[in-house]
Amino acid sequence: DRHNKRPMPFSAGNHITFVHPLAEALEWSTNATVMYRKSAGGIPTGESEKRSYQQPSELAAIAKEYPLSLGGYGSGEAWLRFGDGKRLAIRLAHSSSWLPAEPSLRFNVWGTPECFCPEPWVGLQNSLNSKYGLVQLEPGKSWIWRIGIDVEA
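Residues numbered from 1 in each chain as written. Predicted model: local features only at pLDDT ≥ 70, side-chain atom pairs only at ≥ 80, totals over all residues. Heavy atoms only, no water.

*Asks:* Looking at this structure, how should I read the sheet that holds strand β7 (residues 57-58)?
*Replies:* Note: strands within a sheet are paired through backbone hydrogen bonds, in either parallel or antiparallel orientation. Strands sit in the order β7-β4-β9-β10-β14 across an open sheet of five strands; the sheet is antiparallel. Two strands in the sheet have a free side with no partner beyond their single neighbour: β7 and β14 (145-152). Across two bridges, the pairing between strand β4 (residues 27-30) and β7 is antiparallel. Its bridge partner being in β7, glutamate 27 is matched across the sheet by glutamate 58. (Pairing = 2+ DSSP bridges. Helix = DSSP H or I, 4+ residues; strand = E, 2+ residues; numbered from the N terminus.)

Given below as C-alpha cells:
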C-alpha cells in the first residue's frame with residue numbers, strides 16, 4: 001500500500017520436496033556454518049552452534065523429529081547439494097536482494113525414507129513472535145528472492 005508508513009515484517013520459506021525411493025541413502029552438503037538450536041517443541045531458541053557441512057554426509061544421519069535449521073551463509077548465495085554420491089546430484093541455491101540480521105535461517109533440512117526436503121528459507125520459524133530473523137520491507141521498496149535448481153550428472 002503506497003499509504004503505509006511502517007515497514008512490513010515477514011520471513012519466507014519454500015517447502016520443496018524431492019521424492020526418492022531410497023532418500024535416506026542420499027548424501028548432502030551445504031555451505032552453512034551454523035546450526036540453530038531448537039526448543040523441545042521445535043521452535044528456534046536464538047542459540048546457535050558452529051558447524052561445517054561442506055563434506056558430504058548421509059541424509060539418514062539427520063534427526064527426524066525436527067528439521068535441521070541452518071544459517072551462517074554470509075551475504076552470498078546459500079546452496080545445498082544432494083545426490084547418490086556417484087552419478088546424479090541436484091544443487092539447490094537461493095539468494096535475495098537483502099537478508100535480515102543473524103540469526104537468520106537459510107535452509108531447513110529434513111527427510112524420511114521416501115523423500116528429502118531441503119527447504120530454502122529467509123528468516124526464522126516463529127519470527128513474527130520472537131522478532132529474530134525478520135525481513136523488514138520499507139514502504140515503497142521491493143524484495144527479490146531467487147531460487148535455482150540445477151541437475152548435475
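Additional details are given in the paragraphs that follow.
*Asks:* What is the right way to read the pairing of strand β6 (residues 44-50) from this model?
*Replies:* Here is the key point about a regular strand: its side chains alternate between the two faces of the sheet. Alignment of strand β5 (residues 34-38) against β6, held across four bridges, turns out to be antiparallel. When the bridges of β6 are listed, valine 34 appears paired with lysine 50. Linking β5 to β6, which pair antiparallel, is a turn of five residues; within it glycine 42 sits at a positive phi near 85°.

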